[in-house]
Amino acid sequence: METSNRSKVASRLRGLAACASLLVAGCVGDIGAGATPPGGGTAASGGGANPSGGESGVCSPRLERRIVLLADLQFSNAIRDLLGDEAIEPGQAPDARTKPFAKKGVVVGTSLVHARLARAAYAAESLAGRFEQVTGCAAGDDGGDDACAKEFLTRFAQRAFRRPMEATELDNLWAVYSLGRETSVERGVSLAVEAVLASPSFSYRTELGDVASGDVVRLTAHETASELAFFLTDSLPDAELAAAADSGALHDPEELKRQTERLLEKPETRSSLSTTLIAAWGLSNLFGTVKDPGLFPEYTSSLQASMFHETELLLDELLWNRGADVSTLLTSRETFVNGPLAEVYGVEHTGAAPEEFAKVTLPADERAGILTQPGLLAALSRTDNTSVVARGLFVRGALLCMGKIPSPPEALAGAIEDLLKADMTERERAEARAGNATCAACHKQFDAFGLLLERYDPVGRYRDTLEGEPIDARVDLANMGDIDGVYTSAVEFADTVAQTDGFAACVVRHLVTYGTDDEALSTYDCQVERVIAALPEGQRTLPNIVNAIVTSPALTERAKEK
């Protein structure tokens, strides 16, 4: 399109937005938790403020006593740990790669209850043909062994509920067992197992506590074990952790730390924590993205899986094998590629076969850690173009936890659609938004981040030009605290961010949020600030971060109801 025509389009769009602005209030700041403190500064910079309440030096609990619904992945994993893979109906097990980071929008309504009752029934019925293998009890036409069946059910229910059984609960369980026992021991056990898995005590974990100090309640040892296990492994406490809860030893901070360090040595724990971070960054959305096949025929489901696995391999290498500071996730010039990914990167693939992943060093002036990985960039693009808005919101929100931005008013929908359809570059669209006061109030807080990533196309390939014209990725970040300045590339920006506490604080915030289900937590709440302060100088490794979180009051203390 001619420059004059582009100007006309931009002018019309500004006019539409201006008209719409008469109907709605403009965006004048951040809405929601995690906003940047007034005056700029690093989100985790400390200071005298204590947004969680309480007097100076006191970090009061943000959360009251409550019960917490297990996520679908946790619910399924718990059934699998109790009864084996056969207890999960084929095709019904949630994919760990796409686990949601937060439960926002989950409603405990009829459909969810019916789904979990159906899974409980399927798991119980799966005992058929493997009764002796699972229970250790004999079965057959002679009726079976009641004592053995009841011993199994007691162990099963205690592990499923993550706490000792009360006498009335056992009585109810025996009543269900007896009903099925009229047919056979196997039927009695099956009905009892179904009742346990259908119980709220299985689907929910409690945070009610039993020891109060003023307005603060400390979680019981069993509640702490349950919270720790689902935080680190997305499943039930294992035998050793459960034993530490049974003995009360888990109340000792040193034992809690020992159990955490033991769990962190397990590959499944490391994989689960890595996937939690990937979920926090929204990379699981990659599997739902579609590209125009005429423009990007190489963008297949196989390439998506390769992109996702690249991030898994990089996190495993940096965070677990090397024990590197989390900031290296923003600065690493090394990654892992198979043949198709090597083509996206434009580097040589050295693997023995096209599907084999091999370590490569990327051009230092083009790539820097997770921010410039193709998977992330593809997930944050449209079907036929990049998206300054989606990429900018990601950097501001998921990467730096700088705060939520409200959705645009519905009255602007038409103007936004026109802007997206216009034959303009992403920078020209950003300039059109900047020219309207209503749009600019919000977009000035994140568009610049997205413009820094314009040198990466919709599938994440690096490019210097667009339609024969050089790409201008230069931005001037103002009022951004420690990251104020002029940047000419995403690489330069990533290297600068890595030198601040902002990214590490955001990682801490994501992990505390996942462990506690506190979705309103921000990086300047004391629960995050104290974890950052507790880390050894220059050793913000993921194990150190997890240990600091686990031994902090954020996981083990709740407030009495007011």
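Preceding this paragraph is the structure being described.
Starting from 1, residues in each chain are numbered consecutively following that chain's sequence as written. The model is predicted, so local features are restricted to residues of pLDDT at least 70 and side-chain atom pairs to those at 80 or more, both for listing and for counting; the totals for chains, interfaces and linings are taken over all residues. The side-chain quantities take in all heavy atoms of the structure and omit both hydrogens and water.

Asker: Hey, could you go over the overall build of the protein for me, with residue numbers and the actual values?
Answerer: Helix numbering and strand numbering both begin at the N terminus, where a helix is a DSSP run of H or I of at least 4 residues and a strand a DSSP run of E of at least 2. A tally of regular secondary structure across the protein gives 26 helices and 11 strands. Buried residues are those whose accessible area, probed at 1.4 Å on protein chains only, stays under 20% of the maximum for their type, while exposed residues exceed 50% and partly exposed ones sit between those limits. The 562 residues of the protein split such that 51% are buried. The contact criterion used is simple: two residues touch if any of their non-hydrogen atoms lie within 4.5 Å. Taking the intrachain contacts of the protein between residues at least 6 apart in sequence as the baseline, contacts between residues at least 24 apart amount to 71%. Note that accessible areas follow from Shrake-Rupley with a 1.4 Å probe, and for residues the cover is restricted to the protein chains shown. Put simply, the protein shows about 24,500 Å² of open surface, and 52% of that area lies on carbon and sulfur atoms.

Asker: Any details on helix α11 (residues 253-264)? Residues and values, ideally.
Answerer: The length a helix should cover is 1.5 Å for every residue beyond the first. Taking 1.5 Å as the rise per residue, α11 with 12 residues should run 16 Å; its terminal C-alpha atoms sit 16 Å apart, in good agreement. Among all positions in α11, only Glu-255, Leu-256, Gln-259, Thr-260, Arg-262, Leu-263 and Leu-264 are buried. The inward-facing, buried residues of α11 abut α9 (221-233), α10 (239-247), α12 (267-280), α13 (301-321), α25 (542-550) and α26 (553-556). Throughout this description, a polar contact denotes any pair of N or O atoms lying within 3.5 Å of each other; where both atoms belong to protein, one of them has to be capable of donating a hydrogen while the other can accept it, and for residues adjacent in sequence the pair is counted only when both atoms sit in side chains. For α11, the N-terminal capping position is held by Asp-252, with its side-chain oxygen 3.0 Å away from the main-chain nitrogen of Glu-254.

Asker: Requested: an account of the packing of aromatic side chains, with residues and values cited.
Answerer: Between 30 and 60 degrees the pair is tilted, below 30 it is stacked and above 60 it is edge-to-face, where a pair is any two Phe, Tyr or Trp rings, Trp via its six-membered ring, whose centres lie within 6.5 Å. Taken as a whole, this structure holds seven aromatic pairs when the rule is applied. On the numbers, 5.6 Å between centres and 45° between planes, the contact of Phe-449 with Phe-493 is tilted. In this pair, Phe-449 is assigned in helix α21 (residues 447-451) and Phe-493 in helix α22 (residues 490-497), connecting sequence segments 44 residues apart. The exposure classification of Phe-449 matches that of Phe-493, with both residues buried. Ring geometry for Tyr-456 versus Tyr-462: centroids 5.6 Å apart, planes at 70°, classification edge-to-face. The class for Tyr-456 is buried, based on a relative accessible area of 2%. A relative accessible area of 23% means that Tyr-462 is categorised as partly exposed. Taken together through their ring pairs, the aromatic side chains of Phe-449, Tyr-487 and Phe-493 make up a single cluster. In this structure, Arg-97 is placed above the aromatic ring of Phe-308, and the distance from its NZ or CZ to the ring centre is 6.0 Å. Our definition puts a charge over a ring when NZ of Lys or CZ of Arg is within 6 Å of the ring centre and also within 35 degrees of the ring normal.

Asker: Let's hear about the state of the cysteines: which residues, and what values?
Answerer: Note on disulfides: each one is a pair of cysteine sulfur atoms within 2.5 Å. Evaluation of the coordinates by the stated rule reveals three disulfides. Covalently, Cys-59 is tied to Cys-526 through a disulfide, its sulfur atoms 2.0 Å apart. Since a negative S-S torsion denotes a left-handed disulfide, the Cys-59-Cys-526 link at about 85° is right-handed. Taken together, the residues span a long stretch of sequence, with Cys-59 in the loop between α1 (3-21) and β1 (66-69) and Cys-526 in helix α24 (residues 526-534) at a distance of 467 residues. The same class applies to Cys-59 as to Cys-526, namely buried. Across the disulfide, Cys-137 is cross-linked to Cys-148 (sulfur-sulfur distance 2.1 Å). Judged by the sign of its S-S torsion, about -90°, the cystine formed by Cys-137 and Cys-148 is left-handed. Residue Cys-137 is located in the loop between α4 (131-135) and α5 (146-161), and its partner Cys-148 is located in helix α5; the two are separated by 11 residues in the primary sequence.

Asker: Lay out a nonpolar patch on the surface in plain terms, naming residues and giving numbers.
Answerer: Patch criteria: residues need more than 30% relative accessible area and no salt bridge. Like-charged residues are merged within 9 Å; nonpolar side chains of Val, Leu, Ile, Met, Phe, Trp and Tyr are merged within 5 Å. Whenever Lys or Arg places a side-chain nitrogen within 4 Å of a carboxyl oxygen from Asp or Glu, that contact is recorded as a salt bridge. The grouping of Val-108, Val-113 and Leu-117 at the surface amounts to a nonpolar patch, some 220 Å² of accessible area in total. For Leu-117, a relative accessible area of 39% gives the class partly exposed.

Asker: Would you mind going over α22 in detail, with residue names and values included?
Answerer: Of the positions making up α22, those classed as buried are Ala-490, Val-491, Phe-493, Ala-494 and Val-497. Take α22 and look down its axis: the buried residues cluster within an arc of 160°, on one side only. Lining the buried residues of α22 we find α14 (328-331), α17 (388-399), α21, β9 (475-477), β10 (485-487) and α23 (502-516). Think of the arc as the fan of directions from the helix axis to the C-beta atoms.

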